[in-house]
Amino acid sequence: MTERKPVTLHRLRAMHRDGETITMLTCYDSSFARVLDAAGVDVLLVGDSLGMTLQGHTSTVPVSIDAMEYHTRCVASGNRYAWIVGDLPFGSYHESCEQALRNAARLMQAGAQMVKLEGGGWTAPVVRFLVERGIPVCAHLGLTPQSVHALGGYRIQGRDDAAAGLMLAQGRELAEAGAAMIVIELVPSDLGRILARELPIPVIGIGAGAGCSGQVLVLHDMLGITHGRKPRFVRDFMDGAASIDDAVARYVAAVRDGSFPDESTHGY
Ligand code: KIV
């Protein structure tokens, strides 16, 4: 048996190059970090979705950098091998590159190995500024939950040719600015496939079809703890599982063998 090594940016790039699907889940505390890491999840995302899953808000907008720093520290303390991405919350990178650096540094010092920020072309200078200072950055396009009020709700993005073309151009601009990974959320499967094929960096999908370089779900959703309507792209992995560990192992196996997401059930 080969010895397990910590996931690095180099390893994520190699997985993308070799067509090995990347597994990612959100994670907010030390206990779950242990469970997810033991199941072989490649990337733990300390997502600002914790504003909804843990704090009970109706969006991610109220989440503070203090909360993100705290939960990043919790996740890092339980993790051994997975790559940790910390979300920069709403308002924490919008003012200036210097503000983004200050807040990204807090997440990195709490244990993140990469920070994620949402948005298109306007974030490219921020991405470049952070990357030049040694902070790996994950971009996020499609449905960007921090902009939910501007987008008019949690709606599918990139449906028409113009919107799809714009998203591809934004993805290229962000990769060119130095983003090392990108999350795309709630887009038609065809667009997910095009983005994964055209962009030179791993494209991690959530509600973006089976053609992405990797998949991410919100932990609570895949454990069947969804309040309100379950989004179409979610599978409850607790259904038929013997334990939480088993459910997470099934998620990892299903993403790796391509049986999740299933285009006809979970795609748009
Ligand atoms: O905060 C989060 O959980 C996310 C995922 C939806 C990708 O950004």
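To be clear, the structure that these remarks concern was listed above.
Residues numbered from 1 in each chain as written. Predicted model: local features only at pLDDT ≥ 70, side-chain atom pairs only at ≥ 80, totals over all residues. Heavy atoms only, no water.

A. Spotlight on the packing of aromatic side chains. The final tally for this structure, using the stated rule, is four aromatic pairs. Relative to Trp122, the ring of Tyr93 lies with its centre 5.9 Å away and its plane at 5°, an arrangement referred to as stacked. In this pair, Tyr93 is assigned in the loop between strand E3 (83-87) and helix H5 (97-110) and Trp122 in the loop between strand E4 (114-116) and helix H6 (124-132), connecting sequence segments 29 residues apart. Connected via pairs of aromatic rings, a cluster forms that spans Phe237, Tyr251 and Phe260. For Arg133, the ring lying beneath its charged end belongs to Phe129, and the centroid distance is 3.5 Å. Just above the ring of Tyr268 sits the side chain of Arg232; from NZ or CZ to the centre is 6.0 Å. (Phe/Tyr/Trp six-rings, centres within 6.5 Å; stacked < 30°, edge-to-face > 60°. Helix = DSSP H or I, 4+ residues; strand = E, 2+ residues; numbered from the N terminus. Lys NZ or Arg CZ within 6 Å of the ring centre and 35° of its normal.)

B. Main features of the site of the ligand. In the neighbourhood of the ligand, the contacting residues comprise Thr26, Leu45, Gly47, Asp48, Ser49, Asp87, Lys116, His140, Val183, Glu185, Ile206 and Val218. One of the side-chain nitrogen or oxygen atoms of Ser49 is found 2.5 Å away from an oxygen atom of the ligand. Interatomic distance of 3.0 Å between a side-chain N/O atom of Asp87 and an oxygen atom of the ligand. Its free accessible area being 260 Å², the ligand has 96% of it covered by the protein chains. Of the residues assigned to the shell around the ligand, the class counts are four nonpolar, four polar and four charged. (Near = heavy atom within 4 Å. Polar contact = N/O pair within 3.5 Å; in protein donor to acceptor, adjacent residues only side chain to side chain. Areas by Shrake-Rupley, 256 points an atom, 1.4 Å probe, with all protein chains shown as cover. Nonpolar A, V, L, I, M, F, W, Y, C, P; charged D, E, K, R; others polar.)

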